[in-house]
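# Coordinate analysis (summary)
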Amino acid sequence: MGSPLATADPRFTLPAATTLPVISNAVPYHELMFDGRLGLDNFAAVKTRDFDWANGYRGPVLLFTSDRTVHDSVVQAYRLDPQKIPKGALVGVGELVDVRELTFREQAILIDRFNNLGLGRVKLWGLARNLRRQTVPESLRAKIGIGPGKFGLFFRRVYRFPVPIPFVRPPGGGDRFVAPVSLVVEQLIAVGLRVFS
């Protein structure tokens, strides 16, 4: 086995491991997660996929920002400079606590947040109702650059590494792959995780 990892916060314990799973995201999704823009209810962040990425796994997940950019509509909606966002790097770690299909309400909130629409509570309720009926008005559809996948990956907390770790994703790794814990130990310690030998 590897070195057991734990935190000062007993609610976020990392198991003994030599590798950790990695989830890849295009620019700028990890930035939005770290900044709290993709928080939902009691979760620090929600990432979405069109399939059950975790396949039953719950626990620590390394966050990799791919070297491919960019969801331009999202970058523009938040006025971000993609040149200032690290790419091809492990940029943080999150505690994955749930994976499930999104409700219509959650889909509406994430559409609002992905696209920085600023919909109020009443319009969000209306969007959720329209999603349920599969009748999103054309006037709103034109403002939606991107929407969420079917499944939500719910993170209790996420931590940005002080220094991104350059990383080459393994060939044929698809959307889920692993990285050695030894590569990120210093950054895990820097965000408050303790490493026991």
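Residues numbered from 1 in each chain as written. Predicted model: local features only at pLDDT ≥ 70, side-chain atom pairs only at ≥ 80, totals over all residues. Heavy atoms only, no water.

Bringing the layout of surface pockets into the picture now. Reported here for the largest pocket is a volume of approximately 250 Å³. Contributing to the lining of the largest pocket are 17 residues, with Tyr 29, Lys 47, Thr 48, Arg 49 and His 71 lying nearest its centre. When residues in the lining of the largest pocket are grouped by element, the largest group, three residues, is from strand 3 (residues 45-49). In terms of residue class, the lining of the largest pocket is built from five nonpolar, six polar and six charged. Residue assignment for the lining of the second largest pocket shows that the elements contributing at least two residues are helix 4 (121-133) and helix 5 (138-141). Take the lining of the second largest pocket: its biggest share by element is five residues, from helix 4. When its residues are assigned to classes, the lining of the second largest pocket shows six nonpolar, three polar and two charged. (1 Å grid on protein atoms, 1.4 Å probe; cavity = no way out; pocket = protein on both sides within 12 Å on 5 of 7 lines; lining within 4 Å. Points joined across faces, edges and corners; volume = space filled by probe spheres on them. Helix = DSSP H or I, 4+ residues; strand = E, 2+ residues; numbered from the N terminus. Nonpolar A, V, L, I, M, F, W, Y, C, P; charged D, E, K, R; others polar.)

Turning to helix 3 (residues 104-115), a few remarks are in order. Counted at 1.5 Å a residue, the expected span for helix 3 with its 12 residues is 16 Å, and the 17 Å between its end C-alpha atoms agrees. The complete set of buried residues in helix 3 reads Glu 106, Ala 108, Ile 109, Leu 110, Ile 111, Asp 112, Phe 114 and Asn 115. Where helix 3 is buried, its residues touch helix 1 (29-34), strand 3, helix 2 (72-77), strand 5 (89-101), helix 4 and strand 6 (151-166). At the exit of helix 3 stands Asn 116, carrying a positive phi of roughly 50°. (Expected span 1.5 Å × (residues − 1). Buried < 20%, exposed > 50% of the residue type's maximum accessible area, 1.4 Å probe, protein only. Contact = heavy atoms within 4.5 Å.)

Tallying each qualifying case throughout the model produces nine salt bridges. For the salt bridge of Arg 157 with Glu 95, the shortest nitrogen-to-oxygen distance reads 2.7 Å. In this pair, Arg 157 sits in strand 6 while Glu 95 sits in strand 5, placing the two residues 62 residues apart along the sequence. With relative accessibility at 7%, the residue Glu 95 sits in the buried group. Glu 106 is the salt-bridge partner of Arg 100, the closest N and O atoms lying 2.7 Å from each other. Taking relative accessible area as the criterion, Glu 106 reaches 4% and is therefore assigned buried. (Salt bridge = Lys/Arg side-chain N within 4 Å of Asp/Glu carboxyl O.)

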